[in-house]
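Structural features, examined
Listed below are the residues making up each chain.
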Amino acid sequence: MTVLWTTPAPRLRLPLLPLIVTVLLLAVPMQAAAAGTSANITPADIASCALVLVALAGAVRRRPLTPAAALILGLPALGIAVATATATDPTAALTGFVRYLQVFVLVPAAVVLLLRTPHHFRVVTGALVVLALVQGATGVYQYATGTGASYMGEDIRAVGTFGPTDVMGMATVVSYGLLATLALALRTPASAPPWLRPCAIAASAALTVPLAVSFSRGAWIATVIAAVAMILLTGPRQAAKALAAVTAAAVVLVGGFGVGSQMISERLTSITEVTEAPDRSVNDRYTMWAAAASMWQDNPATGVGLKGFPVHRDAHASIGLSSGSDTAGAGQTFHKQPLLSPHNMYLLVLSEQGLIGLTAFVGTWAAILTASLRRLRRGHPAADCGLAAIGLTVYQTVDFLYADIGGPSTVLTGVILGLAAWWALAPSEAPE
């Protein structure tokens, strides 16, 4: 890929391999048993266990996390532990405890421990880009050949190898890759070869195609907000040029080549109609949001406990909630996908972990984002890493308004948090 450079070429540290493998294993076809649950174990999850063990072994021999990093990354463990202990069924809550600990504590901490230099950061984001290109190419093929997930009566929705039960998986992976390449295009490292920036621009443009035909409104919104934030951080002059180029590319992509233009237009229009004429999926989402808020009101401090949302859903949801969402296509027959989460990470944490868990969860992400912005503004030489870290963090914080953890791609959330935490919290003497 386009991330291995500098003179002389730095040696790739062997401990990074479990991290790279964790990312790339998500290119392996994997059908989730039930999107929205946290109990699906994938090859990437198994690799993440090796990643954590390697990082812990290294921490014993070398420096551990700094006190600030340990405090910030360990904060979510407080809410997770309290919600598990106070759950109606603590035994059932243990599966949720393990998943939350993996995604929001152990994997991020392991990433921070393993990364040493900006070069290592770029190697990992390079793996993200490779994964995004593979999944994106698969998704475009599905759209072009009518072998994707069912959407408006046609099997054209690009879902990559994640299947129709995890329609957000490919869109999320592609968005990560797009933002990583955009960071390289906006702030190309001085030591990079001359072909890197054109390749990064081309990859960013190419990844907009599978993102468009994913028909994922939440991913579109989160990607646009994150990309605009990254562009604005480069300064007024470059921001104006970049925004003009992005606008022109969007017009050519949808208008000129007609890439799903009619359906994309309808999907975009539906974003503004969610309060006036919402479709069934939006109605279901609003109903589950209200149910999550009701659960929290009954248990404001600690929530109903991990894995408690599905158990308490019917007692708090209105009769307007449907029995599930229809899934079909991409190699699977039609079936109903049960609605087991509110599809909003903040409301899921609030309902299951209460104010204690939500404060810890939001506090960690806010601290990392604030520290990332501060380091970037201080003029760190690896500005591309800073832009990527901020863009990925902004994307995830916005995307969590429309999605939560669940499905094969969940482990990447921990990797993204770890990348952002390394940029924000690693010692400032980390060399370029």
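It should be noted that the structure appears before, not after, this text.
Residues numbered from 1 in each chain as written. Predicted model: local features only at pLDDT ≥ 70, side-chain atom pairs only at ≥ 80, totals over all residues. Heavy atoms only, no water.

1. Description of the overall build of the chain
Summing up its helical and strand segments, the chain has 15 helices and 4 strands in all. Buried positions account for 54% of the 432 residues belonging to the chain. In the chain, the share of contacts with a sequence separation of at least 24, taken over all contacts with a separation of at least 6, comes to 79%. On the chain, roughly 17,500 Å² of surface is accessible, and the fraction owed to carbon and sulfur atoms is 68%. (Helix = DSSP H or I, 4+ residues; strand = E, 2+ residues; numbered from the N terminus. Buried < 20%, exposed > 50% of the residue type's maximum accessible area, 1.4 Å probe, protein only. Contact = heavy atoms within 4.5 Å. Areas by Shrake-Rupley, 256 points an atom, 1.4 Å probe, with all protein chains shown as cover.)

2. Description of the pattern of salt bridges
Scanning all chains against the criterion turns up 3 salt bridges. A salt bridge links arginine 122 to aspartate 384; its shortest N-O distance comes to 2.8 Å. With arginine 122 in helix α5 (residues 118-145) and aspartate 384 in helix α14 (residues 383-399), this pair connects stretches of sequence that are 262 residues apart. An identical accessibility class is assigned to arginine 122 and aspartate 384; each is buried. The salt bridge involving aspartate 314 is made with arginine 313; its shortest N-O contact spans 3.0 Å. Accessibility expressed as a relative area gives 57% for aspartate 314, which makes it exposed. (Salt bridge = Lys/Arg side-chain N within 4 Å of Asp/Glu carboxyl O.)

3. Section: the packing of helix α6 (residues 167-186) against helix α7 (residues 196-212)
In the contact formed by α6 and α7, the axes pass within 8 Å of each other and the chain directions differ by 155°. In this view, α6 runs roughly antiparallel relative to α7, as classed from their interaxial angle. The hand of the α6/α7 crossing is left-handed. Every residue of α7 that contacts α6 at Met170, Ala171, Val174, Ser175, Gly177, Leu178, Thr181, Leu182, Leu184 and Ala185 is listed here: Leu196, Arg197, Ala200, Ile201, Ala203, Ser204, Leu207, Thr208, Pro210 and Leu211. Class assignment of the residues belonging to the contact of α6 with α7 gives a composition of 14 nonpolar, 5 polar and 1 charged. (Axes fitted to C-alpha atoms, helices over the stretch in contact; angles between N-to-C directions. Parallel < 35°, antiparallel > 145°, perpendicular 65-115°, else oblique. Left-handed = near helix turned anticlockwise from the far one by under 90°. Nonpolar A, V, L, I, M, F, W, Y, C, P; charged D, E, K, R; others polar.)

4. Considerations on a nonpolar patch on the surface
A cluster of nonpolar residues, Val224, Val228, Leu232 and Leu243, forms a patch on the protein surface that exposes about 310 Å² of accessible area. Assignment of secondary structure puts leucine 232 in helix α8 (residues 217-232). Residue class for leucine 232 comes out exposed when judged on its relative accessible area of 53%. (Patch = residues over 30% accessible without salt bridge, like charges linked within 9 Å, V, L, I, M, F, W, Y side chains within 5 Å.)

5. Brief notes about helix α12 (residues 309-316)
Here α12 has its buried residues at Phe309, Arg313 and His316. An end-on view of α12 places all buried positions within 90° of arc, on one side of the element. The exposed residues of α12 that point more than 90 degrees off its buried face are Val311, Asp314 and Ala315. Buried positions along α12 lie against α11 (280-298) and α13 (345-377). (Arc of directions from axis to C-beta.)

6. Structural notes on the nonpolar core
A general feature of soluble globular proteins is that nonpolar side chains tend to end up buried together. Residues Tyr100, Phe104, Leu115, Met345, Leu412 and Leu419 are the most contacted members of the largest nonpolar core, which totals 107 residues. Leave out the neighbours within four places in its chain, and leucine 412 touches Val23, Leu26, Leu128, Leu131, Val173 and Tyr176. Counting residues in hydrophobic clusters, the runner-up holds 5 residues, among them Leu184, Ala185, Ala192 and Leu196. (Core = buried A, V, L, I, M, F, W, Y, C linked by side-chain atoms within 4.5 Å.)

7. So, the packing of aromatic side chains
In this structure the tally under the stated criterion is 12 aromatic pairs. When the centroid spacing of 5.7 Å and the interplanar angle of 75° are considered together, the rings of tyrosine 176 and tyrosine 395 count as edge-to-face. With a gap of 219 residues between them, tyrosine 176 in helix α6 and tyrosine 395 in helix α14 connect regions that are remote in the sequence. Under the relative-accessibility criterion, tyrosine 395 is labelled buried at 0%. For the ring pair tyrosine 346 and phenylalanine 400, a centre distance of 6.3 Å and an interplane angle of 85° mean the geometry is edge-to-face. Highlighted residues: tyrosine 346 in helix α13 and phenylalanine 400 in the loop between α14 and α15 (410-425), separated in sequence by 54 residues. The same class applies to tyrosine 346 as to phenylalanine 400, namely buried. Following the ring pairs from residue to residue traces out a cluster consisting of Tyr100, Phe104, Tyr346, Phe361, Trp365 and Phe400. Cation over ring: arginine 375 sits above tryptophan 423, and NZ or CZ is 5.9 Å from the ring centre. (Phe/Tyr/Trp six-rings, centres within 6.5 Å; stacked < 30°, edge-to-face > 60°. Lys NZ or Arg CZ within 6 Å of the ring centre and 35° of its normal.)

8. Regarding the side chain of threonine 22
Here threonine 22 shows up in helix α1 (residues 17-24). What makes threonine 22 buried here is its relative accessible area of 0%. A distance of 2.6 Å separates a polar atom in the side chain of threonine 22 from the backbone oxygen of proline 18. (Polar contact = N/O pair within 3.5 Å; in protein donor to acceptor, adjacent residues only side chain to side chain.)

9. Description of the environment of phenylalanine 162
Considering the arrangement of structural elements, one finds phenylalanine 162 in the loop between β2 (154-157) and α6. According to the relative accessible area criterion, phenylalanine 162 is buried, its value standing at 2%.

10. Quick word on the pairing of β2
Sheet topology note: the strand β1 (residues 149-151)/β2 ladder contains 3 bridges and is antiparallel. Directly across from alanine 149, in β2, lies its bridge partner arginine 157. The antiparallel pairing of β1 with β2 creates a hairpin that spans 2 residues between the two strands, and methionine 152 there sits at a positive phi of about 55°. (Pairing = 2+ DSSP bridges.)

11. Observations regarding unusual backbone geometry
Its identity is not glycine, yet lysine 307 carries a phi of approximately 65°, on the positive side. Here lysine 307 is to be found in the loop between α11 and α12. Taking the relative accessible area as the measure of exposure, lysine 307 reaches 28% and is therefore partly exposed. Non-glycine residue histidine 343 carries a positive phi angle of around 55°. Relative to the helices and strands, histidine 343 resides in the loop between β4 (332-337) and α13. Given a relative accessible area of 25%, histidine 343 falls into the partly exposed group.

12. A look at the environment of valine 173
Of note, valine 173 is situated in helix α6. Taking the C-alpha atoms as reference points, valine 173 and leucine 128, 45 residues apart in sequence, are found 7.6 Å from one another. What valine 173 contacts, discounting residues up to four positions off in sequence, is Leu131, Ala132, Gln135, Phe162 and Leu412.

It is worth stressing that arrangement in space is one thing and function is another; only the former is reported here.
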